[in-house]
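Topology and contacts: notes
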Amino acid sequence: MGYSSLVDYVRLSPNHSGERRYPITRITPHYAGGNVSIETLGDIFAPPERQASSQYGVGSDGRVGLYVDEDNRAWTSGSYDNDNRAVTIECANLEDGSLTDAAWETLVELCADICERNGKTRLVYRGSADYDGLADGDMLLTKHKWFQATDCPGPWLDTQFDRLADEVNERLGIPVPDELHGWAKSLEECRDAADYAYCTCVVYSCGYSQDDRKNLTFDLLRRGEAETDCSYGVNAWLYWGGLLDELIGFWTAIEIDYLVSKGFTLLPATVAPRRNDVLWRSGHTALYIGDGMQAEALWSEDHSFDGAPGDQTDGETLVREYPTGGWTYILRPPAKEEIEETGDGMLACIVEIEDDHSGYKAGARVLWTAEAGFEYINHPDSIKLLDDMSTYYTGKPLFRVKSSTKGPWIERLAQVTINDKTKGVVR
């Protein structure tokens, strides 16, 4: 049997398919739809006619119940593929859908334990069930509602997946970026570009127009008369959020070159996005605002490029789940304190892991940038894309740094920086 040592109560359900067909590569947290105990969940999953189960249950008191061994496929998500790959967890919830502090703490601890026992070194939430481009050491968070017509994981837990990944990764020893969660409900409360994007699209219901795309000001937003298009909106949000020093109104055709010139890092869309990342494909752009959501200006009320002021359909500018849109690239902004220093370029390299150490497996390759730290980029196509981008901007592919227990990467990288500051610099 395979299960967590955190288990406090066991009542095995007959509702499962026996041994799962695939290795465990996912975790799917559910909400129970009520403040039920782990014993009650055991009762619910016990009758064969119920035809439902989960691996674990977490009560509001923080205790853990076991109902289906991890070696077996539980019947939780309504998806043969997901349930064969995922450890599923039912969480007791309060009336508003939220979890108690005790339940949340246990959920984080349980997810970290599942990762560790299954040889995973990082928990990833990317807004979809697409595992392509993730590393062998990655565990993917998925949502029940992606596979069935349901509101599970509920209105509260649905917005906490980025936070869950961050807190689990902190337990796994991965540094967590200093990110905000949730969004401001007025312009006065905005703290960053993501807040301004959310307010533009949701709070103030901005309209869509290419002809009047620059009619995006605080005054027009408050009066319900604002209009913009996808690229001007992204430019404005980055400018208001302090990530750009000017509002030039770029178009998508020049967006990549312009943002890279401002110190943004160009990454393939297979990388898990972070709050305030710019999403790009030919002809369209949006802003990733965290918690699995993206903000964008889409089209006017009659699906044309021009329309009346204000959002007539609640769909001209909107927030929806990432990764809607078939994105090609992610443009990651520099830290605010680095914005004035981008003229000298951004140090970047690919670290090649020679033996198991520092939480990485032999043969792994990771992208390292001075701004963003580590990103798993193990897919060969992604490596080639990064080299092509570096060659385009610098005339040479990304610099390689080998790392082993005998020669940790940080020492070699420091030496490279001393010897030749131009190597591995993306301008």
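Overview of the structure. (Residues numbered from 1 in each chain as written. Predicted model: local features only at pLDDT ≥ 70, side-chain atom pairs only at ≥ 80, totals over all residues. Heavy atoms only, no water.)

**A short note on the overall build of the protein chain**
When helices and strands are counted, the protein chain shows eleven helices and 22 strands. Expressed as a percentage of the 427 residues in the protein chain, the buried residues total 56%. Sequence-distant contacts in the protein chain: of pairs separated by 6 or more residues, those separated by 24 or more amount to 64%. Element-wise, carbon and sulfur atoms account for 49% of the exposed surface of the protein chain, whose accessible area totals about 17,900 Å². (Helix = DSSP H or I, 4+ residues; strand = E, 2+ residues; numbered from the N terminus. Buried < 20%, exposed > 50% of the residue type's maximum accessible area, 1.4 Å probe, protein only. Contact = heavy atoms within 4.5 Å. Areas by Shrake-Rupley, 256 points an atom, 1.4 Å probe, with all protein chains shown as cover.)

**Let's talk about the pattern of salt bridges**
Counted by the stated rule, this structure contains 25 salt bridges. Between E225 and R223 there is a salt bridge; the shortest N-O distance is 2.8 Å. E225 sits in the partly exposed class, given a relative accessible area of 35%. Relative accessible area serves as the criterion here: at 47%, R223 is assigned to the partly exposed category. Bridged by salt links that share partners, the residues K143, K145, D158 and E321 form one connected network. (Salt bridge = Lys/Arg side-chain N within 4 Å of Asp/Glu carboxyl O.)

**Looking at the packing of aromatic side chains**
By the definition in use, this model includes eleven aromatic pairs. Measuring from centroid to centroid gives 5.5 Å for F250 and Y258, while their planes differ by 45°, and the two rings are tilted. Here the aromatic cluster, defined as three or more aromatic residues joined through ring pairs, consists of Y125, W146 and F161. Sitting over the face of the ring of Y22, R85 holds its NZ or CZ atom 3.9 Å from the ring centroid. A cation over a ring is seen here: R281 above W327, with NZ or CZ 6.0 Å from the ring centre. (Phe/Tyr/Trp six-rings, centres within 6.5 Å; stacked < 30°, edge-to-face > 60°. Lys NZ or Arg CZ within 6 Å of the ring centre and 35° of its normal.)

**Details of the nonpolar core**
I89, W237 and L238 are the most contacted members of the largest nonpolar core, which totals 86 residues. When residues in this core are grouped by element, the largest group, nine residues, is from helix α3 (residues 101–117). For L238, the contacting residues outside a window of four places in its chain are A193, L243, L244, L259, F264, N276, V278 and L287. Grouped together as the second largest cluster of nonpolar side chains are seven residues, V351, I353, A364 and V401 included. (Core = buried A, V, L, I, M, F, W, Y, C linked by side-chain atoms within 4.5 Å.)

**With respect to the sheet that holds strand β14 (residues 284–290)**
Taking strand neighbours across the sheet as the criterion, the six strands line up as β12-β17-β13-β14-β15-β16 in an open arrangement whose pairing is antiparallel. The sheet is open, and its two edges are formed by β12 (265–268) and β16 (317–321), each paired on a single side. Geometrically, the sheet is characterised by an average inter-axis angle of 30° between neighbouring strands, direction not taken into account. Pairing analysis gives four bridges linking strand β13 (residues 278–281) to β14, with the strands arranged antiparallel. Looking at β14, one finds that V278 is bridged to L287. Across the face of the sheet, helix α9 (residues 252–261) comes into contact with β12, β13, β14 and β17 (329–332) while running at roughly 135° to β13. (Pairing = 2+ DSSP bridges. Axes fitted to C-alpha atoms, helices over the stretch in contact; angles between N-to-C directions.)

**Regarding the packing of helix α6 (residues 193–203) against helix α8 (residues 230–240)**
Think of two packed helices as two axes; the pair is described by the angle between the axes and how far apart they sit. Two elements in contact, α6 and α8, have axes whose closest approach is 7 Å; the angle formed by their N-to-C orientations is 130°. The angle between α6 and α8 falls in the class oblique. Between α6 and α8 the crossing geometry is right-handed. Contacts from A193, Y196, A197, T200 and C201 in α6 reach W237, L238 and W240 in α8. Split into classes, the residues belonging to the contact of α6 with α8 amount to seven nonpolar, one polar and no charged. (Parallel < 35°, antiparallel > 145°, perpendicular 65-115°, else oblique. Left-handed = near helix turned anticlockwise from the far one by under 90°. Nonpolar A, V, L, I, M, F, W, Y, C, P; charged D, E, K, R; others polar.)

**Some details on unusual backbone geometry**
Look at the link from C152 to P153: it is a cis peptide, with omega at 25°. With respect to the helices and strands, the residue P153 is situated in the loop between β9 (138–141) and α4 (154–157). That bond from Y322 to P323 is cis: its omega, 10°, falls within 30 degrees of zero. Tracing the chain through its elements places P323 in the loop between β16 and β17. With a phi close to 55°, Q51 is a non-glycine residue in the positive phi region. Accessibility expressed as a relative area gives 59% for Q51, which makes it exposed.

**Here we look at the sheet that holds strand β5 (residues 64–66)**
Sheet architecture is open: seven strands sit in the order β1-β5-β4-β7-β3-β9-β8, paired in mixed fashion. Strands with a single pairing partner mark the edges of an open sheet, and in this sheet they are β1 (9–10) and β8 (122–124). Taken together, the six bridges between strand β3 (residues 26–31) and strand β7 (residues 86–91) define a ladder with parallel strand orientation. Among the inter-strand pairings, I27 is bridged to a residue of β7, identified as V87. Along the sheet, helix α1 (residues 38–45) contacts β1, β4 (56–58), β5 and β7; its crossing angle with β4, the most-contacted strand, is approximately 145°. Along the sheet, helix α5 (residues 161–171) contacts β3, β8 and β9; its crossing angle with β8, the most-contacted strand, is approximately 175°.

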